[in-house]
Amino acid sequence: MYIGIDIGSTNAKIACIDRDENIKILLMKKTGFNSKITAKSLLLDAKKKFDESDNIIVATGYGRVSVDFANKTVTEISCHAKGACKIFDKDNLVIIDIGGQDTKIIDVENKTVKDFIMNDKCSAGTGRFLDVMSKTMELTIDEMCKIAEFGGGVKISSLCTVFAESEVISLIGRSEKKENIANAIVMSIVDKVATQTKRIDYKNKTVCLTGGLSEINFIKNALCESLNTDVLADSTGKFAGSIGAALYAKELEAKNEKFT
Amino acid sequence: MFNLPEKFEEFSEARRNGFMKAKELKESGGRLAGVFCTYTPLEIFDAANVIPVSLCGMSDETIPAAEVNLPKNLCPLIKSSYGYAVSDKCPYTYFSDIIVGETTCDGKKKMYEMLSELKDTYILHLPQGIDRPYAKDMWKQEIILLKEKLEEKFGIKISDDDVRIAVKNRNKERQIKIRLFEMNKSIPAKSKYLNLHKIVDSLNFSFNRLDDLKKIEETLDEIDREYSKGLRPVSEKDKRILITGCPISGVLDKTIGEIERNGGVVVVMDNCNGIKAAKNMIDENSPDIYEAIANRYMNIACAVMTPNTNRFTQLRELVSEYKVDGVIDVILQSCHPFDVEKYKISKLCKEINVPYLSIETDYSNTDVGQLSTRIQAFIEML
Ligand code: SF4
Ligand code: SF4
């Protein structure tokens, strides 16, 4: 079996594929404090579902180095590209991945990374931003995105999570409608991500959304509108990194560099 | 026995080893000048028998002290340099008789004004571009004013011949540096760049240039010898990277180190730590030696110039000469000149079809993980 393990900042994922690149197993759990233990337990859970001892493992994600039993580590950028090409069955793609810690825009041509953009240090425009804001609003991220659809007319101008939070608090203080504030929060992330995407020549390419937020319709639709193009999403989108890693594991065997 | 790794370490100790030498120099009546920038015409200091040392801040250790007086969102190089001076943490700043800066970027310019509260600080006025007919002459006048400032300060006379001798010596030094920078033109590269950098950086803290240059030449001979014997410190598979952008003395490990640990090798840098500072000789036989000096220095490519055409021409040439696989543009946080210019650099790279990555960083260690992922992903994609 070819196994990909993706240790993200919030969730850890595992994907197992067989010789014919059929996706056999997809599992996810919270990364928690110890990514090494999380990786091991994911592998154990997966192994309960098949009996094969000859496995090749590739680790990816920001915690990839802690997966010391992996045959190789590959960055999440390369893995995402490979995984998304498989999920959406395309050779050329522009991938928008809004992750917990960072947001990446990846330009893929012929199934390989041609260019990528990652947000700098701060958490504006990432999942973390929504997380912090939804807590301030006393809502879950899902709830916040749902009501955002019915709001509008308010804007958050600050790009920094800390300052944006105080803007939100003062909006609450001014008893602005909840859905308007929610809309402002979600749109601020959409605007930021759209601006980043515009640095890449995405016209004439399929644009897709992966990562934890890909199933939230409002975000997807707002991105469609802002980029003026279709944006695809898929329920397995959040596993793109681990699926890509599993595909790398298969390549590793072909190249016979299993133990480098 | 010539042990290269040991030699490299020796060179990297130059800055610290120079502390004692600076003290001895001062005690025996010698003169020291603190300098920052590649535009500084070093020949004038040589001719005045003043030893120039680099005061460029490269550690975040002194930044908190600097932030008492300076804004937070300022380039770390400026903050760190100022921090060294206010906290008395840098012996070179402490022992400098004079600090010499230029009107380069706004942050530095204004920081120098604050330095002048602490030290005798002299500022050369650098033209903003070379496309004006008077620019070179203006720079020549500025160099002459610097000479006069040193004459007055130290009560000496500097003759044209003194300057001409200095020019000859600095030209020789530039030749040696170029030989060093061209080491990695070969395929595979002859050395990890970090080692080459240690060698060349040691010259920023040199108190005996002739001896130090000799040591460098011997080391280069040894690198050549080992290479011709078939030793390969760099794998043929390693991706060949060009570094451009801001000075990177304060972020060496996060940039060069990370590249060279992850399947890449830096073959050339076009920034102030690299070949840009050694390129172009001064015409030793020019009837007007000051004009010759001005001509050479004004052609340095830096984002503080507008337009900065030379950087683009140079980058094009280097990419093809060094068979570069990818360009990494290193921007120090809040450096507007290079941060804004990256748009044009990325366009140029697209045009000449070489992959481009820009990274923004500062002197702290908080972004090591992120940078590492970006650099690794970039190398994976080459
Ligand atoms: S980058 Fe420009 S301003 Fe800064 S030291 Fe180099 S030449 Fe001077
Ligand atoms: S790196 Fe940029 S901001 Fe910093 S001193 Fe140099 S030109 Fe100025």
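Remember, it's a predicted structure, so these values are computed and weren't measured experimentally. (Residues numbered from 1 in each chain as written. Chains lettered and ligands numbered in written order. Predicted model: local features only at pLDDT ≥ 70, side-chain atom pairs only at ≥ 80, totals over all residues. Heavy atoms only, no water.)

### Quick look at the sheet that holds strand β1 (residues 31-35) of chain B
Residue and element names in this part refer to chain B.
Right, so step 1: Ordered in space as β2-β1-β3-β4, the 4 strands form an open sheet in which the pairing is parallel. For this open sheet the edge positions go to β2 (50-54) and β4 (121-124), each flanked by a neighbour on one side alone. On average, each strand axis in the sheet is tilted by 30° relative to the strand beside it, whichever way the strands run.
Right, so step 2: Judged from the 4 bridges that link them, strand β3 (residues 98-102) and β4 form a sheet pairing that is parallel. Bridging from a neighbouring strand, Gly101 pairs with Ile123 of β4. (Pairing = 2+ DSSP bridges. Helix = DSSP H or I, 4+ residues; strand = E, 2+ residues; numbered from the N terminus. Axes fitted to C-alpha atoms, helices over the stretch in contact; angles between N-to-C directions.)

### Describing the environment of B:Asn69
All names here are of chain B.
Right, so step 1: In this structure, Asn69 sits in the loop between α4 (63-67) and α5 (76-86).
Right, so step 2: For Asn69, a relative accessible area of 46% puts it in the partly exposed group.
Right, so step 3: For the pair Asn69 and Ser202, spaced 133 residues apart in the sequence, the C-alpha separation amounts to 31 Å.
Right, so step 4: With residues up to four places along the chain from it excluded, the contact list for Asn69 reads Tyr82 and Met114.
Right, so step 5: Polar contacts involving the side chain of Asn69 include one to the side chain of Tyr82, which spans 3.1 Å. (Buried < 20%, exposed > 50% of the residue type's maximum accessible area, 1.4 Å probe, protein only. Contact = heavy atoms within 4.5 Å. Polar contact = N/O pair within 3.5 Å; in protein donor to acceptor, adjacent residues only side chain to side chain.)

### A look at the packing of helix α12 (residues 252-261) of chain B against helix α16 (residues 368-381) of chain B
All names here are of chain B.
Right, so step 1: Closest axis-to-axis distance for the α12/α16 pair is 10 Å, and the angle between their directions is 40°. Between α12 and α16, the angle is such that the two are oblique. The two elements α12 and α16 meet at a crossing, and its hand is right-handed. Residues Lys254, Thr255, Glu258 and Ile259 of α12 lie in contact with α16, whose contacting residues are Val368, Leu371, Ser372, Ile375, Gln376 and Ile379.
Right, so step 2: For the contact of α12 with α16, the class distribution of residues is 5 nonpolar, 3 polar and 2 charged. (Parallel < 35°, antiparallel > 145°, perpendicular 65-115°, else oblique. Left-handed = near helix turned anticlockwise from the far one by under 90°. Nonpolar A, V, L, I, M, F, W, Y, C, P; charged D, E, K, R; others polar.)

### Brief notes about the site of ligand 2
Right, so step 1: Looking at ligand 2, the residues that line it are B:Cys75, B:Ile78, B:Cys105, B:Lys108, B:Cys246, B:Pro247, B:Leu332 and B:Cys335.
Right, so step 2: Partitioned by chemical class, the residues of the shell around ligand 2 number 7 nonpolar, no polar and 1 charged. (Near = heavy atom within 4 Å.)

Remember that the coordinates give geometry; whether it matters functionally is a separate question.
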